[in-house]
Amino acid sequence: LKFAFRQLLKNPGFTAVAVLTLALGIGANTAIFAVLNAIMFRPLEYPEPDRLVRVHRTSPQSERWPLAVANFLDLREQNTVFEHVAAFVGLRFSLAEPGEPAESLRGIAATADFFPALGVQPALGRVFTPEEDQPGRNQVIVLNHGYWLRRFAGDTNIVGRTLRIDGESVVVLGVMPASVDNSPLWGPIDAWRPLAFTPEQRRDRQDNWLNALARLKHGVSLSQGQAASKLLADRLAKAYPETNAENSLRLSLLSESIGDEA
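Reading the values: the criteria
Residues numbered from 1 in each chain as written. Predicted model: local features only at pLDDT ≥ 70, side-chain atom pairs only at ≥ 80, totals over all residues. Heavy atoms only, no water. Helix = DSSP H or I, 4+ residues; strand = E, 2+ residues; numbered from the N terminus. Buried < 20%, exposed > 50% of the residue type's maximum accessible area, 1.4 Å probe, protein only. Axes fitted to C-alpha atoms, helices over the stretch in contact; angles between N-to-C directions. Parallel < 35°, antiparallel > 145°, perpendicular 65-115°, else oblique. Left-handed = near helix turned anticlockwise from the far one by under 90°. Contact = heavy atoms within 4.5 Å. Nonpolar A, V, L, I, M, F, W, Y, C, P; charged D, E, K, R; others polar. Phe/Tyr/Trp six-rings, centres within 6.5 Å; stacked < 30°, edge-to-face > 60°. Lys NZ or Arg CZ within 6 Å of the ring centre and 35° of its normal. Pairing = 2+ DSSP bridges. pLDDT = per-residue confidence, 0-100. Salt bridge = Lys/Arg side-chain N within 4 Å of Asp/Glu carboxyl O.

(A) Focus on the overall build of the protein chain. Counting secondary structure elements, the protein chain contains nine helices and 11 strands. For the protein chain, buried positions account for 42% of its 262 residues.

(B) Highlighting the packing of helix H3 (residues 69-78) against helix H7 (residues 222-239). For the pair H3 and H7, the least separation of the axes is 11 Å and the interaxial angle reads 130°. Comparing the axis directions of H3 and H7 gives the class oblique. As H3 packs across H7, the resulting crossing turns out to be right-handed. Between H3, through Asn71, Asp74, Leu75 and Gln78, and H7, the contact on the second element is made entirely by Leu232, Arg235 and Leu236. Classifying every residue of the contact of H3 with H7 gives three nonpolar, two polar and two charged.

(C) Spatial organisation of the packing of aromatic side chains. Applying the stated criterion to the full structure yields seven aromatic pairs. Of the aromatic side chains, those joined through ring pairs into one cluster are Phe88, Phe114, Phe115, Phe128 and Trp192. Over the aromatic face of Phe152 sits the side chain of Arg151, whose NZ or CZ is 5.3 Å from the ring centroid.

(D) Main features of the pairing of strand S4 (residues 103-110). Bridge analysis of strand S3 (residues 82-95) against S4 gives eight bridges, and the strand direction is antiparallel. Residue pairing in the sheet places Leu91 in a bridge with Gly107 of S4. In this structure, S4 lies alongside strand S9 (residues 191-194), joined through four bridges in parallel fashion. Bridge pairing in S9 places Gly107 opposite Ala191.

(E) Representation of the environment of Asn211. Among the structural elements, Asn211 can be located in strand S10 (residues 208-216). Classification of Asn211 as partly exposed rests on a relative accessible area of 27%. Between the alpha carbons of Asn211 and Gly90 there is a distance of 9.2 Å; along the sequence they are 121 residues apart. Dropping the residues within four chain positions of it, Asn211 is found in contact with Arg54, Ala86, Ala87, Phe88 and Val89.

(F) Spatial organisation of the side chain of Glu97. Among the structural elements, Glu97 can be located in the loop between S3 and S4. When its relative accessible area of 11% is taken as the criterion, Glu97 is described as buried. With residues up to four places along the chain from it excluded, the contact list for Glu97 reads Arg151, Arg161, Leu163 and Arg164.

(G) Examining the environment of Leu143 more closely. Inspection of the secondary structure puts Leu143 in strand S6 (residues 140-143). For Leu143, a relative accessible area of 0% corresponds to the buried category. Among residues more than four places away in sequence, those in contact with Leu143 are Trp148, Phe152, Ile158, Val172, Gly174, Val175, Met176, Asp190, Ala191 and Trp192.

(H) How the structure looks around the confidence of the model for the protein chain. Averaged over every residue, the pLDDT of the protein chain is 88; residues scoring 70 or more account for 90%. Scored below 50 in pLDDT, residues 33-41 makes eight contacts in the model with residues more than four places away or belonging to other chains.

(I) Seen up close, unusual backbone geometry. A positive phi angle, close to 45°, is found at Glu48, a residue other than glycine. As for its placement among the helices and strands, Glu48 is situated in the loop between helix H2 (12-41) and strand S1 (52-58). Notably, Asp166 is not glycine yet its phi reads approximately 50°, a positive angle. Here Asp166 shows up in the loop between strand S7 (162-165) and strand S8 (168-175). For Asp166, a relative accessible area of 43% gives the class partly exposed.

(J) Molecular detail of the pattern of salt bridges. On inspection of all chains with the given rule, the structure shows 12 salt bridges. With its nearest N and O atoms 3.6 Å apart, the salt bridge here joins Asp190 to Arg106. Residue Asp190 is located in the loop between S8 and S9, and its partner Arg106 is located in strand S4; the two are separated by 84 residues in the primary sequence. Judged by its relative accessible area of 32%, Arg106 is partly exposed. Here Asp234 ties to Lys230 by a salt bridge, and the two come within 3.2 Å at their closest N and O atoms. Here Lys230 and Asp234 lie together in helix H7, a separation of four residues that amounts to about one turn. Each of the salt bridges in this network shares a partner with another, and the network as a whole consists of Glu48, Arg51 and Glu83.

Right under this line is the structure:
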């Protein structure tokens, strides 16, 4: 050790490069492991995660396409293997409180089955209901725990408060628990709002833009869910060949889907 130390002192240029190389290597490996641990190795913090699946539309071009609204609604209403089926998309919301500059929020718009499918309950208040993911009745919002602490200082009276979101008055329904913060499913966000489909969207089978997840019923395996979903996709292809002729449905465990996308 003494000899090595003396040699390093005699060659300060080499020493600096060696120390910098080691520092960069250790730092890079630590950062990579932190990301992989959060995304791939850390178990999902939802009840019975082995029943959570992502639902993808497949085609000759890819096995991971989003869904059209009409096809999603058929999947939700006609399936026999899922306890809950939910659609969601990432969006930006604008919060403009009186006398304050507008603030851009990272958010998710989701159907009412989103939280039941994940199996999570709010820490305060409640989540939105099927009646509230309809056009004209979706002026509600659920806050992320971290955003609630940061923006509203953990005010427990936040439930029922009216905020100005995207130019309209929106009522705070609840706050999700800290365990839902920065999920590998969606990354860091601030709030959730209902995803309300217009009558035109509910008939649309061409514009594919929805992410979908589902919770398998008790006793239904992934392979059984896949087989039933394929039968449904075959029925849709026959009923609507102009938009679904080459499409099918593919299921993947939510944890595996997150790892693959990462």
